[in-house]
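Listed here are the chains, written in short residue letters.
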Amino acid sequence: MEETPHQQYSEKEKQDVFNHEFMPHIRSMYNFGYRLTLDQDDAKDLVQDTYLKAYRFIESFQRGTNAKAWLFRILKNSFINDYRKKSKEPSKVDYQEVETYYNSEDVDRQITPDLRVESLKDMIGDEISNALNSLDVDFKTVIILSDLEGFKYEEMAKILDIPIGTVRSRLHRARNLLKEKLSEYAKTMGYNKA
Amino acid sequence: MADLNSPFIKSDGTKCTCMEMLQQMLDTEVTEEQREYFKKHIDHCLPCYKSYDLEMTIKELLKSKCCGNDVPAEVIDQIKSQINQKISF
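Residues numbered from 1 in each chain as written. Chains lettered and ligands numbered in written order. Predicted model: local features only at pLDDT ≥ 70, side-chain atom pairs only at ≥ 80, totals over all residues. Heavy atoms only, no water.

(A) Spatial organisation of the packing of aromatic side chains. All names here are of chain A. A complete count under the given rule lists 10 aromatic pairs over all chains for this structure. Seen in terms of ring centroids, Phe22 and Phe61 are 5.1 Å apart; in terms of plane orientation they differ by 70°. Their pairing is edge-to-face. With Phe22 in helix α1 (residues 11–22) and Phe61 in the loop between α3 (40–56) and α4 (67–83), this residue pair connects regions lying 39 residues apart in the sequence. Where Phe32 meets Phe72, the ring centres are 4.8 Å apart and the plane angle is 25°; that geometry is what we call stacked. With a gap of 40 residues between them, Phe32 in helix α2 (residues 26–37) and Phe72 in helix α4 connect regions that are remote in the sequence. Ring pairs connect the aromatic residues Phe18, Phe22, Tyr51, Tyr55, Phe61 and Trp70, which therefore count as one cluster. (Phe/Tyr/Trp six-rings, centres within 6.5 Å; stacked < 30°, edge-to-face > 60°. Helix = DSSP H or I, 4+ residues; strand = E, 2+ residues; numbered from the N terminus.)

In structure tokens, the structure reads:
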């Protein structure tokens, strides 16, 4: 996030910032933590760690700036440093492949021509949630930040410490992977009309 | 392909393709002028209309199915109690 000079807050001001700027985002934070860890207990720990870190480093936060993005960045870093290491399959995205994909002339191709709106509307169970969960964590993260939380490219670039161009290409790739996954579900539901 | 009046312009000065316009719309990285243009564009571009409809349906599904977990009350209690402990030291 932006390099902001350290703020000088009184104890009361710290409490105000914490209660009025940080705590309102706890539901989004918990949902983000849950999607990353896919475990309720890990999500609880991650959110708790994030808020305690946010309090400890509260003087790096400038009042009135984007608290939600600041908190998401802390949670994402905590996840990478503390949780991802111990996960069964540390995920790795082939960024070269992503960039090559995005920059190729093939970018306009329709990847899932058989996925239809009608079949999506019949997905009333956990299909969409399972499809999202099945994505590599880096792809899942950009979908969550953009589609569920409404962050802009610039905010996502700061949360994830990546250039805006990479945000854009990763999001593009993530949407296509999600569609591929949904297309597989649609086929198992009998919508194999390709 | 976008026409000459398209307000979707890349950094190199060329016009965006349909897919590029669509992505900007989905990522909500558009101006009001671009949004209006795209809405008119999909009235006569069936591939764009179909893709946009599909992508927006996915977005709505995501929103309705993937962010509905309430925070367990004990998480909030634990955070508050730990912060209060820090303050009292």
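(B) How the structure looks around helix α1 (residues 18–26) of chain B. Residues and elements named next belong to chain B. In terms of burial, α1 is a largely internal element, eight of the nine residues being buried. Those residues of α1 that fall on the buried side of the exposure criterion are Cys18, Met19, Met21, Leu22, Gln23, Gln24, Met25 and Leu26. Note on α1: the residue one or two positions beyond its end, Thr28, has a positive phi of about 50°. (Buried < 20%, exposed > 50% of the residue type's maximum accessible area, 1.4 Å probe, protein only.)

(C) Examining helix α9 (residues 153–160) of chain A more closely. Turning to α9(A), its buried residues are A:Tyr153, A:Met156, A:Ala157, A:Ile159 and A:Leu160. Along the long axis of α9(A), the arc covered by the buried residues comes to 165°, so they all point the same way. Contacts made by the buried residues of α9(A) are with α4, α8 (137–148) and α10 (164–188) of chain A together with α1 of chain B. Taken from the residues just after α9(A), A:Asp161 is the one with a positive phi, measuring 60°. (Arc of directions from axis to C-beta. Contact = heavy atoms within 4.5 Å.)

(D) Molecular detail of the interface of chain A and chain B. The interface of chain A with chain B comprises 46 residues on the first partner and 35 residues on the second. When the two sides are added together, the surface that chain A and chain B hide from each other amounts to roughly 3900 Å², 62% of it contributed by carbon and sulfur. By residue number, the principal contributor to the side of chain A that touches chain B is α10(A), which donates seven residues. Counted by class, the side of chain A that touches chain B contains 24 nonpolar, nine polar and 13 charged residues. (Buried area = accessible area lost by both parts, 1.4 Å probe. Nonpolar A, V, L, I, M, F, W, Y, C, P; charged D, E, K, R; others polar.)

(E) Geometry of the packing of α8(A) against helix α3 (residues 46–65) of chain B. Remark: α8(A) packs on α3(B), axes separated minimally by 10 Å, with the N-to-C direction vectors making an angle of 95°. In this view, α8(A) runs roughly perpendicular relative to α3(B), as classed from their interaxial angle. Contact residues: A:Ile143, A:Asp147 and A:Leu148 in α8(A); B:Lys59, B:Leu62 and B:Lys63 in α3(B). Considering only residue class, the contact of α8(A) with α3(B) consists of three nonpolar, no polar and three charged. (Axes fitted to C-alpha atoms, helices over the stretch in contact; angles between N-to-C directions. Parallel < 35°, antiparallel > 145°, perpendicular 65-115°, else oblique.)

(F) Structural detail: the side chain of A:Gln7. Residues and elements named next belong to chain A. With respect to the helices and strands, Gln7 occurs in the segment before α1. Given the relative accessible area of 18%, Gln7 is considered buried. Each residue touching Gln7, except ones within four places of it in the same chain, is listed here: Glu59, Phe61 and Gln62.

(G) Structural view of the packing of α9(A) against α10(A). Residue and element names in this part refer to chain A. Between α9 and α10, whose axes approach to 8 Å, the crossing angle comes to 100°. The pairing of α9 with α10 is recorded here as roughly perpendicular in orientation. Contact with α9, carried on its side by Tyr153, Glu154, Met156 and Ala157, involves Ile164, Val167, Arg168 and Leu171 of α10 and no other residues of that element.

(H) How the structure looks around the confidence of the model for chain B. Model confidence for chain B is summarised by a mean pLDDT of 89, while 94% of its residues fall at 70 or above. The lowest-confidence element of chain B is helix α4 (residues 73–88) of chain B, averaging 86 in pLDDT; the highest-confidence one is helix α2 (residues 32–44) of chain B, averaging 94. (pLDDT = per-residue confidence, 0-100.)

(I) Looking closely at the pattern of salt bridges. Applying the stated criterion across every chain, the model contains 19 salt bridges over all chains. In this structure, A:Lys76 engages A:Asp161 in a salt bridge whose closest nitrogen and oxygen atoms are separated by 3.7 Å. Here A:Asp161 lies in the loop between α9 and α10 and A:Lys76 lies in helix α4, a separation of 85 residues in the sequence. Judged by its relative accessible area of 46%, A:Asp161 falls in the partly exposed class. Two residues, B:Lys59 and A:Asp147, come together in a salt bridge whose shortest N-O distance is 3.5 Å. You can see B:Lys59 sitting in helix α3 and its partner A:Asp147 sitting in helix α8, one on each of two chains. Relative accessible area serves as the criterion here: at 10%, B:Lys59 is assigned to the buried category. Look at A:Asp147 and you get buried, because its relative accessible area is 3%. (Salt bridge = Lys/Arg side-chain N within 4 Å of Asp/Glu carboxyl O.)

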